[in-house]
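Structural overview
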Amino acid sequence: MIIALTGTPGTGKTTVATLLKKKSYAVVELNRLAKEKGFVDGYDEERECSIIDVEKLQVYLKENLFKKNEKIILDGLLSHLVKNVDLVIILRCHPGELKKRLETKGWSERKISENVEAETLDVILCEAAETHDKSHLFEIDTTSKTPVEIAEIVDGIVNGRFNKGEYDIGMVDWSEEIRKG
Ligand SMILES: Nc1ncnc2c1ncn2[C@@H]1O[C@H](COP(=O)(O)OP(=O)(O)OP(=O)(O)O)[C@@H](O)[C@H]1O
Ligand SMILES: [Mg+2]
């Protein structure tokens, strides 16, 4: 089973994926894999990040991972663009809290505010909804949850242990933040 764990930078993908390793999940860090395998197409100066060839990544994953019979977490900002995964779990975070989390990364102010804005505008959710059927998509608001709680929720979604509708997409709404400007 392949689970894409996605979300704006700073929502806690890697933190949660690391905890899931202890629950017998295998974790593939997509950015690292893309760099190791040469699927990087250059550097986006504007966004201050590597440009990854998602098509090449997709082919590699299909040939190497999709056949495996284990629970595999794809950790990465681009994981929701990988087609044919079993589940897509989107981590969300209130823009104010996200800003604080991103400040720990030592990034430029511009890169931080660009990502806070992307979270406020549901950018990842929109991209995921364009790529996958809604029935495969789940959203977790991480704002006031600990990484351990979030890992437990992810494991619950994978194993069908949650109330219907509890982690449906569309429940997170940061639009109040847009009005604040
Ligand atoms: N649930 C949480 N509550 C509070 N802080 C958190 C939580 N999850 C992660 N953090 C903190 O937020 C920061 C970003 O977390 P992390 O690096 O896991 O995010 P990420 O989604 O993997 O980001 P990136 O896309 O840049 O790899 C870290 O300092 C981490 O300790
Ligand atoms: Mg990460």
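Provided above is the structure to which this section pertains.
Residues numbered from 1 in each chain as written. Chains lettered and ligands numbered in written order. Predicted model: local features only at pLDDT ≥ 70, side-chain atom pairs only at ≥ 80, totals over all residues. Heavy atoms only, no water.

A separate point is the overall build of the chain. Helix and strand counts for the chain come out as 8 helices and 7 strands. For a compact globule of 181 residues, the expected C-alpha radius of gyration is about 16 Å, and the chain comes in at 16 Å, within 12% of that figure. Oriented by its inertia axes, the alpha-carbon framework of the chain measures out at about 45 × 45 × 30 Å. Relative to its 181 residues, the chain shows a buried fraction of 42%. A fraction of 76% describes how many contacts in the chain between residues 6 or more apart in sequence connect residues 24 or more apart. Just so you have it, the chain exposes about 9900 Å², and 49% of that area is on carbon and sulfur atoms. Each charge sign in the chain was given a centre, from 27 positive and 33 negative side chains, and these centres are 5 Å apart. (Helix = DSSP H or I, 4+ residues; strand = E, 2+ residues; numbered from the N terminus. Rg over C-alpha atoms; globule rule 2.2 N^0.38 Å. Buried < 20%, exposed > 50% of the residue type's maximum accessible area, 1.4 Å probe, protein only. Contact = heavy atoms within 4.5 Å. Areas by Shrake-Rupley, 256 points an atom, 1.4 Å probe, with all protein chains shown as cover. Lys, Arg positive; Asp, Glu negative; His and termini not counted. Charge placed at Lys NZ, Arg CZ, Asp CG, Glu CD.)

So, on to the site of ligand 1. Taken together, the neighbourhood of ligand 1 is formed by 16 residues, with K13, T14, T15, K105 and K145 sitting nearest. Take K145: an N or O atom from its main chain is 2.9 Å from a nitrogen atom of ligand 1. Surface burial for ligand 1 is 73%, taken as the share of its 630 Å² of free accessible area covered by protein chains. Sorting the residues of the shell around ligand 1 by element identifies α1 (13-21), α4 (95-103) and α7 (147-158) as the ones contributing at least two each. No other element matches α1, which puts 3 residues into the shell around ligand 1. Considering only residue class, the shell around ligand 1 consists of 4 nonpolar, 7 polar and 5 charged. (Near = heavy atom within 4 Å. Polar contact = N/O pair within 3.5 Å; in protein donor to acceptor, adjacent residues only side chain to side chain. Nonpolar A, V, L, I, M, F, W, Y, C, P; charged D, E, K, R; others polar.)

Let us now look at the pattern of salt bridges. Two side chains that carry opposite charge are able to pair once their charged atoms sit near each other. By the definition in use, this model includes 11 salt bridges. Between R92 and E119 there is a salt bridge; the shortest N-O distance is 2.7 Å. Of the two residues, R92 sits in strand β6 (residues 87-92) while E119 sits in helix α5 (residues 109-120), which places them 27 residues apart along the sequence. We classify E119 as buried; its relative accessible area is 2%. D122 is the partner of R92 in a salt bridge, and the nearest nitrogen-oxygen pair spans 2.7 Å. Here R92 is found in strand β6, whereas its partner D122 is found in the loop between α5 and α6 (123-131), with 30 residues between them in sequence. With relative accessibility at 2%, the residue R92 sits in the buried group. For D122, a relative accessible area of 22% gives the class partly exposed. Salt bridges sharing partners connect three or more residues here, namely K23, E152, D155 and R161. (Salt bridge = Lys/Arg side-chain N within 4 Å of Asp/Glu carboxyl O.)

As a further point, take the nonpolar core. Judged by nonpolar contacts, the single largest core of 22 residues is most densely connected at L57, L61 and L74. Where this core is concerned, the elements lending two or more residues are β1 (2-6), α2 (30-37), α3 (54-64), β5 (72-75), β6 and α6. Core analysis: the second largest hydrophobic core is formed by 19 residues, I3, L20, I73 and F138 among them. (Core = buried A, V, L, I, M, F, W, Y, C linked by side-chain atoms within 4.5 Å.)

To continue, consider the packing of aromatic side chains. All chains considered together, the criterion is met by 3 aromatic pairs. Geometrically, the ring pair formed by F138 and F162 is edge-to-face, given 5.6 Å between the ring centres and 85° between the ring planes. Separated by 24 residues along the polypeptide, F138 in strand β7 (residues 137-141) and F162 in the loop between α7 and α8 (175-180) bring together distant segments of the chain. Residue class for F138 comes out buried when judged on its relative accessible area of 9%. (Phe/Tyr/Trp six-rings, centres within 6.5 Å; stacked < 30°, edge-to-face > 60°.)

Between its first and last C-alpha, α7 extends 17 Å over 12 residues, near the 16 Å set by a 1.5 Å rise per residue. Turning to α7, the residues buried within the fold contact β1, α1, β5, β6 and β7. One or two residues past the end of α7 sits G160, with phi positive at roughly 70°. (Expected span 1.5 Å × (residues − 1).)

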